[in-house]
Amino acid sequence: MKEHEFTLILTDDPNEEASDKLYGIFNDGTLSTIASVPQIRFHREAFSLEEALRSAIADIRSAGFDVVRVEMEPEAVMQPA
């Protein structure tokens, strides 16, 4: 498995109780709000980037939140030559 790094931008800013719920679901992401934008930075192990993204989004949705978009560095999607 490979570690995939990406940030998921949330639709809503979780309060303290919701943040605790999110951290109870995953342990490979860090929740923050930067310039009023709620986001979670993930370092998720998975066989593929798609699998990592799908599982992280499913985790967030299971806590009652949704994702607006995914952000990542270009190197995260480039395959080595």
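A brief structural summary. Computed from a predicted model, the values in this text were never measured in an experiment.

**Quick notes on the pairing of strand E3 (residues 37-46)**
Reasoning step 1: Where strand E1 (residues 2-10) lies against E3, eight bridges are found, and the strand directions are antiparallel. What sits directly across from Phe6, in E3, is Phe42.
Reasoning step 2: In this sheet, E3 lies alongside strand E2 (residues 29-34) in antiparallel orientation, the contact comprising six bridges. Looking at the pairing, Gly29 lines up with Phe42 of E3.
Reasoning step 3: Between E2 and the antiparallel strand that follows it, E3, lie two residues; Ala35 among them carries a positive phi value of about 55°.

**Some thoughts on the environment of Lys2**
Reasoning step 1: When you line up the elements, Lys2 lands in strand E1.
Reasoning step 2: The contacts of Lys2, once residues within four sequence positions are left out, are Arg44, Glu45 and Ala46.

**Brief notes about the sheet that holds E2**
Reasoning step 1: One open sheet accounts for four strands, arranged E2-E3-E1-E4; its pairing is antiparallel. This sheet does not close on itself; its edge strands, each paired only once, are E2 and strand E4 (67-71). Across the sheet, the mean angle separating the axes of adjacent strands is 25° when strand polarity is ignored.
Reasoning step 2: Judged from the four bridges that link them, E1 and E4 form a sheet pairing that is antiparallel. By the bridge assignment for E4, Leu10 is matched with Val67.

Reading the values: the criteria
Residues numbered from 1 in each chain as written. Predicted model: local features only at pLDDT ≥ 70, side-chain atom pairs only at ≥ 80, totals over all residues. Heavy atoms only, no water. Pairing = 2+ DSSP bridges. Helix = DSSP H or I, 4+ residues; strand = E, 2+ residues; numbered from the N terminus. Contact = heavy atoms within 4.5 Å. Axes fitted to C-alpha atoms, helices over the stretch in contact; angles between N-to-C directions.

Any functional reading would require information beyond the geometric quantities listed.
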